[in-house]
Amino acid sequence: MYLLCYNPYMGPEVDRRPRVLLVNRCMILDDINKTLLLKRSPLNRHDPGKWEFPGGKLDEGQDISHALEREVLEETGLLVQQSTRLFYVESEIVMDGPYAGLPYVVLIGTGKLIGGKLMLSDEHDDYAWTTPEKAFDFDLKSEIRKSLAVFTSTRT
C-alpha cells in the first residue's frame, strides 16, 4: 500500500531512496459548492472519529488520478472528475505503526461530482455535505483543516 520509488533503468542509488506512503484526497464539490466530509470509523487505527475528504493510499504501480477515482468510488459510491489536481500538499515522517519511518505525503485537490449514489464503506460511519467555511465546525483531521484554510483563503 505504498509507492516504491524504483526505476530499473536507474543505477544503485535507487536503493537509497525511501519508500513513500502517498495519500491522495479529493475535496468533492457539488452543484451548489458544498463539499463532502466523511467521518472515520471508531475502528480506524489513526484518527478515529475525525472528519476527512474521501481518498486514500496509492497502490504500487497505480496512476495518481486512477487511485483517487478508485478510492472515492470505494469509500462513497460516487464518481468524480478532478477539477484541480492539487491545491494542498503536506508531508511528514510516520512515527509509529506499520509505516513507521516512511515519508507520508498527502495531496489534496478538488473534484466535481458527476454521478453515483452515496454509500459509505466500512472505513467511515457518517457523512455531511457542508460549505467549506462551515466545515471548520467539524472535528477535522489536521491536514484537512489546513487544506480548507488554504482553499477558503484563495476564494475570497
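Structure shown above.
Here the residue numbering is sequential within each chain, running from 1 through the sequence in written order. Local features in a predicted model are, by the rule used here, given only for residues with pLDDT of at least 70; side-chain atom pairs are given and counted only at 80 or more, and totals for whole chains, interfaces and linings are based on all residues. Think of the side-chain values as coming from all heavy atoms in the structure, minus any hydrogens and water.

Participant: How should I be thinking about the overall build of the chain in this particular structure?
Facilitator: When helices and strands are tallied, the chain shows two helices and seven strands. Here a helix means four or more residues in a row that DSSP labels H or I, a strand means two or more in a row labelled E, and each is numbered from the N terminus. Reading the chain from its N terminus to its C terminus gives the helix and strand order β-β-β-β-α-β-β-β-α. Categorising residues by exposure relies on relative accessible area from a 1.4 Å probe, with only protein chains included: less than 20% of the type maximum marks a residue as buried, more than 50% marks it as exposed, and the intermediate range marks it as partly exposed. Counting across all 156 residues of the chain, residues that qualify as buried make up 42%.

Participant: I'm lost on unusual backbone geometry in this one. Help?
Facilitator: Phi is mostly negative for residues that are not glycine, and the peptide bonds are mostly trans. Despite not being glycine, N33 shows a phi value in the positive range, around 60°. A relative accessible area of 42% places N33 in the partly exposed class. A positive phi angle, near 55°, is found at D47, a position not held by glycine. For D47, a relative accessible area of 35% puts it in the partly exposed group.

Participant: I'm lost on the layout of surface pockets in this one. Help?
Facilitator: Unoccupied space between atoms shows up once a probe the size of one water molecule is rolled over them. A 1.4 Å probe that fits into a set of points on a 1 Å grid over the protein atoms alone but cannot get out defines a cavity; an open set with protein on both sides within 12 Å along at least five of seven lines defines a pocket, and lining residues are those with an atom within 4 Å of a point. Grid points are joined across faces, edges and corners, and a volume is the space filled by probe spheres set on the points. For the largest pocket, the calculated volume is near 760 Å³. Contributing to the lining of the largest pocket are 32 residues, with R40, H46, K57, Y104 and K141 lying nearest its centre. If you list the elements that add at least two residues to the lining of the largest pocket, you get β1 (21-29), β4 (55-57), α1 (64-76), β5 (78-93) and α2 (142-155). In terms of residues, the lining of the largest pocket owes the most to one element, α1, which gives four residues. Across the lining of the largest pocket, the residue classes break down as nine nonpolar, six polar and 17 charged. Polar here means any residue other than Ala, Val, Leu, Ile, Met, Phe, Trp, Tyr, Cys and Pro, which are nonpolar, and Asp, Glu, Lys and Arg, which are charged; Gly is therefore polar.

Participant: Can you walk me through α1 in this structure?
Facilitator: Quick reminder: α-helices carry 3.6 residues per turn. Residues three or four places apart thus point the same way. A helix is expected to span 1.5 Å multiplied by its residue count minus one. Between its terminal C-alpha atoms α1 stretches 18 Å, which fits the 18 Å expected from 13 residues at 1.5 Å a residue. Among the residues of α1, S65, A67, L68, R70, E71, V72, E75 and T76 are the ones counted as buried. Any pair of residues with heavy atoms lying within 4.5 Å of one another is described as a contacting pair. In this structure, the buried side of α1 is in contact with β1, β2 (35-40), β4, β5 and β7 (124-130). The backbone nitrogen of S65 lies 2.9 Å from a side-chain oxygen of the residue at the head of α1, namely D63. A positive backbone phi angle near 80° is found at G77, which sits one or two residues after α1. By the criterion applied in these results, polar contacts are pairs of N or O atoms within 3.5 Å in which, for protein atoms, one can donate a hydrogen and the other can accept it, and in which residues neighboring in sequence qualify only through two side-chain atoms.

Participant: Would you mind showing me how to read the packing of aromatic side chains here?
Facilitator: Working definition: an aromatic ring pair is given by the centre-to-centre distance plus the angle between the planes. Pairing of aromatic side chains here covers Phe, Tyr and the six-membered ring of Trp, requires ring centres within 6.5 Å, and sorts the geometry by plane angle: under 30 degrees stacked, over 60 edge-to-face, intermediate tilted. In total, this model carries two aromatic pairs according to the counting rule given. Between the aromatic rings of W51 and F138, the centroid separation amounts to 4.9 Å while the plane-to-plane angle is 70°, which identifies the pairing as edge-to-face. On the criterion of sequence distance, the pair formed by W51 in strand β3 (residues 51-52) and F138 in the loop between β7 and α2 is long-range, its members being 87 residues apart. Accessibility expressed as a relative area gives 9% for W51, which makes it buried. An angle of 55° between the planes, with centres 5.4 Å apart, marks the rings of F87 and F151 as tilted. Taken together, the residues F87 in strand β5 and F151 in helix α2 connect sequence positions 64 residues apart.

Participant: What should I look at first to understand the pattern of salt bridges in this one?
Facilitator: Pairs may arise between side chains of opposite charge once their charged atoms sit close together. Criterion for a salt bridge: a side-chain nitrogen of Lys or Arg within 4 Å of a carboxyl oxygen of Asp or Glu. This model, assessed by the stated rule, comprises eleven salt bridges. Notably, a salt bridge pairs K112 with D31, separated by 3.7 Å at the nearest N-O pair. Remark: D31 occurs in the loop between β1 and β2 and K112 occurs in strand β6 (residues 103-116); sequence separation between them is 81 residues. Residue K112 is classed as partly exposed on the basis of its relative accessible area of 40%. Here D31 falls in the exposed class, since its relative accessible area comes to 70%. With its nearest N and O atoms 3.3 Å apart, the salt bridge here joins E90 to K146. Linking E90 in strand β5 with K146 in helix α2, this pair joins segments that are 56 residues apart in sequence.

Taken by themselves, the reported measurements are silent on function.
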